[in-house]
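Read off the chains here:
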Amino acid sequence: MSVTATDPPAAEATEASGPAAPQSPADRRRWLALAVVMTASFMDLVDVTIVNIAMPSIQKDIGASFSILQWITEGYALAFAAGLITGGRLGDIYGRRRIFLLGMSGFTLASMLCGIAGDPHLLVAARVFQGATAALMVPQVLAIVHTTFPAHERGKVFGMFGAVVGLGAVSGPILGALLTQWNLFGLEWRPIFLVNLPVGVAGLLLGRRYISESRAPKALKLDLVGVLLASGGLLMLLYPLTQGRELGWPLWGYLCMAGSAVVFAAFVAYERYKARKDGSPLVELSLFRVKSFAAGVGVEIAFGVACGIFFLIWTLYMQIGLGWSPLRAGLTGIPFSLAVSIAAGLSVQKLVPRFGRKVLQAGALAMAAGVLLYIWEAGHYGTAIKPWQMAAPLIVMGLGMGLVVAPLTEAVLSEVPREHSGSASGLINTTQQLGNAVGLGLVSVVFFNALDGKALAAGRTGEAFATAFRHGMWWVAGVLGVVLALMFALPRRSAGAGAGAGAE
């Protein structure tokens, strides 16, 4: 899940920008500017969740292979993650309004390209482009808010962002299901992308008029070499993981994955050189000397892996395995989304101030319990399972996720020196997105590799997909065990320190 309301590169940008000049309360322009940037955040969040529900329709319409289905989501996540920090710095240097509008223009264009793509590979390319342009657009959101609103109004604004995030989480799957189910003008799945066009055009027109320009007085320099090394290493790891099963796991794939370790080592060496040279590396490696931060990054990556695996295999299981319509599958997820929203609000406002780290640990345990319950139900009811029977494990999982996602960033940042809080928060969101991309890549191993070819050949698709789903869910449970173990390195209490670190 991409939570754009707390997007860290923007936090880094706002850290550098200093206090904004208060505007007159009568100036309504800032509220129209807020509506534009909130719409951009909503577009990004919905675009992630809306695609999963349309996967079977995409596969059927353009003949996409299972690995292509992975790349449709994985390509977006990888491009988005790789560009987040750089996108924030571009806004600092060249102007947040300018880069925001450039990102929104590209995102709108990419949405059109996705919607008209007739070839699976062109669709993947358009999704990568869409992720890269989102990485330009999203990091500017909170920086624009910071420079547009005086300090005493920002609490209200951030509360609105929380509501937008919750609305996006709930409405994304339902909107995707409706647009796919309705088959508007015979376009099948394509409206899930084309719906961004009028929204994007309106956002551009309003944004040009109402968003004020701002820059950081002293911005960090770009680290394009770091971006290329990190992206190259990830691609060398994820491409063989995603394509290996369909290609029969060739030797070059293993060599490529092994070579990614060399590229990552080169990345670390270059980041150290970059820090000595001009003090503006892509990743501030000194942050990893803070035990809680290093463990927290591990939590973010592992949590992203678990989410990446679950959301894709869950959709495939319901629609291809059980033969459910997109609408039925989308409505099945409502209890999960509502549980996430409720638990997230309770965790931050009531539970974390009182119980600290135990809330996050309880969330990881609850998610794992929900996964185990889901595994049991999928085996017990088989292909006759009903949506209402899935509600119990989904609610338990959703409550657990809500207890984790809302307070996690504050817990990870709580012991980070204040002067590095912007860089640290940027790295947190980036690593979560990278974890999501890795999880999507692992779907080939944990799900598709577990599909029973004989059962598929015999027409027992539901049985094959149910078995593979249970196999993949065991992996999700295992990764959540890693998340729980790493949480013991987080601070017991983070409310006071976290507030200090993240106040800017």
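Above this text sits the structure in question.
This structure is a prediction, so every number in the text was calculated from the model and none was measured.

## Brief notes about the overall build of the protein chain
Then, number 1: The number of helices and strands found in the protein chain is 21 helices and zero strands.
Then, number 2: In the protein chain, buried positions account for 57% of the 504 residues.
Then, number 3: A separation threshold of at least 6 residues defines the contact pool for the protein chain, and within that pool the share at least 24 residues apart is 84%.
Then, number 4: As displayed, the protein chain offers around 19600 Å² of accessible surface, 67% of which is attributable to carbon and sulfur atoms.

## Focus: the environment of Lys221
Then, number 1: Looking at the element boundaries, Lys221 is found in the loop between helix H10 (196–210) and helix H11 (224–243).
Then, number 2: Residue Lys221 is classed as exposed on the basis of its relative accessible area of 51%.
Then, number 3: Linking Lys221 and Leu282, residues 61 residues apart in sequence, is a C-alpha distance of 9.1 Å.
Then, number 4: Among all residues touching Lys221, those that are not within four sequence positions of it are Arg89, Asp278 and Ser280.

## Describing the nonpolar core
Then, number 1: Grouped together as the largest cluster of nonpolar side chains are 108 residues, with contacts concentrated most on Phe293, Tyr317, Tyr374, Phe447 and Met473.
Then, number 2: Top element by residues in this core is helix H13 (residues 291–321). It accounts for 17 residues.
Then, number 3: With residues near it in sequence (within four places) discarded, Phe293 still touches Leu287, Phe288, Val412, Val416, Ala424, Leu427 and Ile428.
Then, number 4: Counting 26 residues, the second-largest nonpolar core is a separate cluster that includes Leu34, Met43, Phe80 and Phe107.

## Brief notes about helix H6 (residues 120–137)
Spacing of three or four residues puts side chains on the same side of an α-helix, whose turn is 3.6 residues.
Then, number 1: Under the 1.5 Å per step criterion, the end-to-end length of H6 is 26 Å for 18 residues, consistent within 8% with the ideal 26 Å.
Then, number 2: The set of residues buried in H6 consists of Pro120, Leu123, Val124, Ala126, Arg127, Gln130, Gly131, Thr133, Ala134, Ala135, Leu136 and Met137.
Then, number 3: Of the residues that open H6, the one with a side-chain oxygen 2.9 Å from the backbone nitrogen of His121 is Asp119.

## Considerations on unusual backbone geometry
Then, number 1: A positive phi is found at Glu188, a non-glycine position, where the angle reads about 55 degrees.
Then, number 2: Note on Glu188: relative accessible area 31%, which makes it partly exposed.
Then, number 3: Its identity as a non-glycine residue notwithstanding, Trp249 has a phi of 50 degrees, on the positive side.
Then, number 4: Take Trp249: it is sitting in the loop between H11 and helix H12 (251–278).
Then, number 5: Look at Trp249 and you get partly exposed, because its relative accessible area is 25%.

## Some words on the pattern of salt bridges
Then, number 1: In this structure the tally under the stated criterion is six salt bridges.
Then, number 2: We note a salt bridge from Arg245 to Glu246, for which the minimum N-O separation is 3.9 Å.
Then, number 3: Overall, Glu246 belongs to the partly exposed group, its relative accessible area being 36%.

## Some words on the packing of aromatic side chains
Then, number 1: Summed over the entire model, instances satisfying the criterion amount to 20 aromatic pairs.
Then, number 2: Considering the side-chain rings of Tyr76 and Phe80, the 6.0 Å spacing of their centres and the 35 degrees angle between planes classify their relative orientation as tilted. Of this pair, Tyr76 and Phe80 both sit in helix H4 (residues 66–94), four residues apart, which is roughly one turn of that helix. We note that Tyr76, like Phe80, is buried.
Then, number 3: Judged by centre distance (5.2 Å) and plane angle (65 degrees), the rings of Phe310 and Phe311 are edge-to-face.
Then, number 4: Taking the relative accessible area as the measure of exposure, Phe310 reaches 2% and is therefore buried.
Then, number 5: A network of ring pairs unites the aromatic residues Phe66, Phe447, Phe448 and Phe465 as a single cluster.
Then, number 6: The residue whose ring lies beneath Arg328 is Trp324, and the NZ or CZ to ring-centre distance is 4.5 Å.

## What about the packing of helix H16 (residues 357–381) against helix H20 (residues 461–487)?
Then, number 1: Their axes nearest at 9 Å, the elements H16 and H20 cross at an angle of 165 degrees. In terms of axis orientation, H16 runs roughly antiparallel to H20. Helix-helix and strand crossings are classified by hand; for H16 and H20 the assignment is left-handed.
Then, number 2: Here the contact of H16 with H20 is built from residues that sort into 19 nonpolar, two polar and two charged.

## Remarks on the side chain of Gln319
Then, number 1: Residue placement: Gln319 occurs in helix H13.
Then, number 2: Exposure remark for Gln319: the relative accessible area of 8% places this residue in the buried category.
Then, number 3: Polar contacts involving the side chain of Gln319 include one to the main-chain carbonyl oxygen of Ile53, which spans 2.6 Å.
Then, number 4: In contact with Gln319, not counting residues within four places along its chain, are Asn52, Ile53, Pro56, Trp324, Ser325, Pro326 and Ala329.

About the cut-offs
Residues numbered from 1 in each chain as written. Predicted model: local features only at pLDDT ≥ 70, side-chain atom pairs only at ≥ 80, totals over all residues. Heavy atoms only, no water. Helix = DSSP H or I, 4+ residues; strand = E, 2+ residues; numbered from the N terminus. Buried < 20%, exposed > 50% of the residue type's maximum accessible area, 1.4 Å probe, protein only. Contact = heavy atoms within 4.5 Å. Areas by Shrake-Rupley, 256 points an atom, 1.4 Å probe, with all protein chains shown as cover. Core = buried A, V, L, I, M, F, W, Y, C linked by side-chain atoms within 4.5 Å. Expected span 1.5 Å × (residues − 1). Polar contact = N/O pair within 3.5 Å; in protein donor to acceptor, adjacent residues only side chain to side chain. Salt bridge = Lys/Arg side-chain N within 4 Å of Asp/Glu carboxyl O. Phe/Tyr/Trp six-rings, centres within 6.5 Å; stacked < 30°, edge-to-face > 60°. Lys NZ or Arg CZ within 6 Å of the ring centre and 35° of its normal. Axes fitted to C-alpha atoms, helices over the stretch in contact; angles between N-to-C directions. Parallel < 35°, antiparallel > 145°, perpendicular 65-115°, else oblique. Left-handed = near helix turned anticlockwise from the far one by under 90°. Nonpolar A, V, L, I, M, F, W, Y, C, P; charged D, E, K, R; others polar.

These values are about where atoms sit, not about what they do.
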